[in-house]
Amino acid sequence: MSDDAVLHVRGRVLAGPEDVRDELWVVGGRVSYDRPAGARDITTVEGWALPGLVDAHCHVGLGADGPVDADTAEKQALTDRERGTLLIRDAGSPSDTRWIDDRENLPKIIRAGRHIARTRRYIRNYAWEVEPEDLVAYVAREAERGDGWVKLVGDWIDRDLGDLSACWPREAAEAAIAEAHRLGARVTAHCFAESSLRDLVEAGIDCVEHATGLTDDLIPLFAERGVAIVPTLVNIATFPRLAAGGEERYPRWSAHMRRLHERRYDTVRGAYDAGIPVYVGTDAGGSLAHGLVAAEVAELVTAGIPPVRAVAAASWSARAWLGRPGLEEGAPADLVVYEGDPRADVRVLAAPRRVVLNGRVVE
């Protein structure tokens, strides 16, 4: 398309869960609901249009052994794009991916900087590994480097204990989260275990990743504080394999991981029913493939979240939570067009008909 070309999206435009319009126009890379006067170079796309999908837990620039080169990071981002993911919250990466911001054909990224973990308590080459007395300083550093988010590792296996345990004393977490908030950043944390959650939530954390340890006694606390969760169920599906691999050396940890996996759907449904905000994230990067956002939406439906709310968790609601527009008048034209209504059948999300990024058809 030329710079003065106009894109006409016709059929059903899902500007919101119940806000369905017949058409929209893309003029100068932005959304308009008014037909442009005198437009001649018009390309028409037909189908069901959604705002570009959101993967709220993704790692661009991260591989199984740590940071990857720019070519690999580009392939990761392109894989997400071809599946309709046009907005990513990068929940921790050791790679500098700022160059992606200059590429109009790649998804937009909201970065949380690099993971901050306890010494020898996370995956090698992924995180800054620090002790509690240095946590505030590293949180301040990553708050300055990120895009309004900081990522902590809230718990991990303690090899002496042989099981998951919390990484940070309550007072260290409180001070670190307060410093992030002072600098205008929100804080999220990787948490598998039950034991890490209460202290982090009462310390003021904004979001918890995975949240497999969320129990009935903790759900009211999350709901009261408005703490969001990003369950990453496509990642939690790997727990049985991880447990089998650690059975011989860490049987207690293996049994714990299996229990967390077995109750995963009940955990997510219990959170949703209590009014806890739930968003779609895949944990792509590291050992998990990119482009799994549709599979994660389907997992939320399997957990018992109504389809329209599962779609919202990857589109309208997720964008609002991250402070990015959807298909409002004048917003950047980032949208995905499908054959059918994803609210009726979320499997539609796995097969985009067209992907439009910054007003241009890219897929």
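Residues numbered from 1 in each chain as written. Predicted model: local features only at pLDDT ≥ 70, side-chain atom pairs only at ≥ 80, totals over all residues. Heavy atoms only, no water.

**Q** Talk me through the overall build of the protein; I want residue IDs and the actual numbers.
**A** Within the protein, the secondary structure is distributed over 12 helices and 20 strands. Taken against the 2.2 N^0.38 rule, which gives 21 Å for 363 residues, the C-alpha radius of gyration of the protein at 21 Å falls within 12% of a compact globule. C-alpha atoms of the protein, sized along the principal axes, occupy 70 × 40 × 35 Å. The buried share among the 363 residues of the protein stands at 55%. Contacts in the protein between residues far apart in sequence, at least 24 positions, make up 65% of those at least 6 positions apart. Side chains of the protein carry 44 positive and 58 negative charges; the gap between the two charge centres is 2 Å. (Helix = DSSP H or I, 4+ residues; strand = E, 2+ residues; numbered from the N terminus. Rg over C-alpha atoms; globule rule 2.2 N^0.38 Å. Buried < 20%, exposed > 50% of the residue type's maximum accessible area, 1.4 Å probe, protein only. Contact = heavy atoms within 4.5 Å. Lys, Arg positive; Asp, Glu negative; His and termini not counted. Charge placed at Lys NZ, Arg CZ, Asp CG, Glu CD.)

**Q** Can you break down the nonpolar core residue by residue, with the values?
**A** Judged by nonpolar contacts, the single largest core of 79 residues is most densely connected at L152, I205, L214, F222 and L300. Setting aside chain neighbours within four positions, we find F222 in contact with L197, V201, V208, L214, V227, I229 and I276. (Core = buried A, V, L, I, M, F, W, Y, C linked by side-chain atoms within 4.5 Å.)

**Q** Account for helix α3 (residues 170–182), with residues named and values stated.
**A** Compared with the 18 Å implied by 1.5 Å per residue over 13 residues, the 18 Å span of α3 between its first and last C-alpha is a close match. Among the residues making up α3, those that are buried are A172, A173, A176, I177, E179 and A180. End-on, the buried residues of α3 take up no more than an arc of 160°, which puts them together on one face. Residues of α3 that are exposed and angled more than 90 degrees away from the buried face: E171 and R182. Along its buried surface, α3 packs onto α2 (135–145), β11 (149–153), β14 (186–191) and α4 (197–202). Looking one or two residues beyond α3, the residue adopting positive phi is G184, at roughly 85°. (Expected span 1.5 Å × (residues − 1). Arc of directions from axis to C-beta.)

**Q** Lay out the packing of α2 against α3 with the relevant residues and their values.
**A** Between two packed helices, what matters for the description is the angle formed by their axes and the separation of those axes. It is the contact of α2 with α3, at a shortest axis distance of 9 Å, that shows an interaxial angle of 25°. On the basis of the axis angle, α2 is roughly parallel to α3. Between α2 and α3 lies a crossing of right-handed hand. Along the contact surface, α2 presents L135, V136, V139 and A140, while α3 presents A172, A173, A175, A176, E179 and A180. Residue classes in the contact of α2 with α3 are distributed as 9 nonpolar, no polar and 1 charged. (Axes fitted to C-alpha atoms, helices over the stretch in contact; angles between N-to-C directions. Parallel < 35°, antiparallel > 145°, perpendicular 65-115°, else oblique. Left-handed = near helix turned anticlockwise from the far one by under 90°. Nonpolar A, V, L, I, M, F, W, Y, C, P; charged D, E, K, R; others polar.)

**Q** A description of the packing of aromatic side chains should follow, citing residues and the corresponding values.
**A** Any aromatic ring pair is given by two values, namely how distant the centres are and how the planes are angled relative to each other. One pass over the structure, following the stated rule, counts 7 aromatic pairs. With centroids separated by 6.1 Å and ring planes inclined at 75°, the aromatic side chains of Y122 and Y126 adopt a geometry described as edge-to-face. Consider the rings of W128 and Y138, whose centres lie 5.9 Å apart with planes at 55°: the pair is tilted. Of the two residues, W128 sits in strand β10 (residues 128–130) while Y138 sits in helix α2, which places them 10 residues apart along the sequence. A relative accessible area of 22% means that W128 is categorised as partly exposed. Joined through ring pairs, the aromatic side chains of Y122, Y126, W156, F192 and F239 make up one cluster. Here the guanidinium or amino end of R89 rests over the ring plane of W149, the centre of that ring lying 4.6 Å away. (Phe/Tyr/Trp six-rings, centres within 6.5 Å; stacked < 30°, edge-to-face > 60°. Lys NZ or Arg CZ within 6 Å of the ring centre and 35° of its normal.)

**Q** So what about unusual backbone geometry? Which residues, and what values?
**A** Not every positive phi belongs to a glycine, and H210 is a case in point at roughly 75°. Given a relative accessible area of 4%, H210 falls into the buried group. Unusually for a residue other than glycine, D283 sits at a positive phi of about 65°. Along the chain, D283 turns up in the loop between α9 (264–273) and β17 (284–286). The exposure class assigned to D283 is buried, which follows from its relative accessible area of 14%.

**Q** Just give me the short version of the side chain of H57, but keep the residues and values in it.
**A** By the element assignment, H57 lies in strand β5 (residues 53–63). Leaving out residues up to four positions away in the same chain, H57 has contacts with R89, A91, K151, E209, H210, V230, T232, V280, G281, T282, D283 and A284.

**Q** Can you tell me about the environment of V136, naming the residues and giving the values?
**A** Note that V136 resides in helix α2. Its relative accessible area of 29% is what places V136 among the partly exposed residues. As for V136 and I177, which are separated by 41 residues in sequence, their C-alpha atoms are 8.0 Å apart. Sequence-distant contacts of V136, that is, excluding residues within four places in its chain, are made with A175, A176 and E179.

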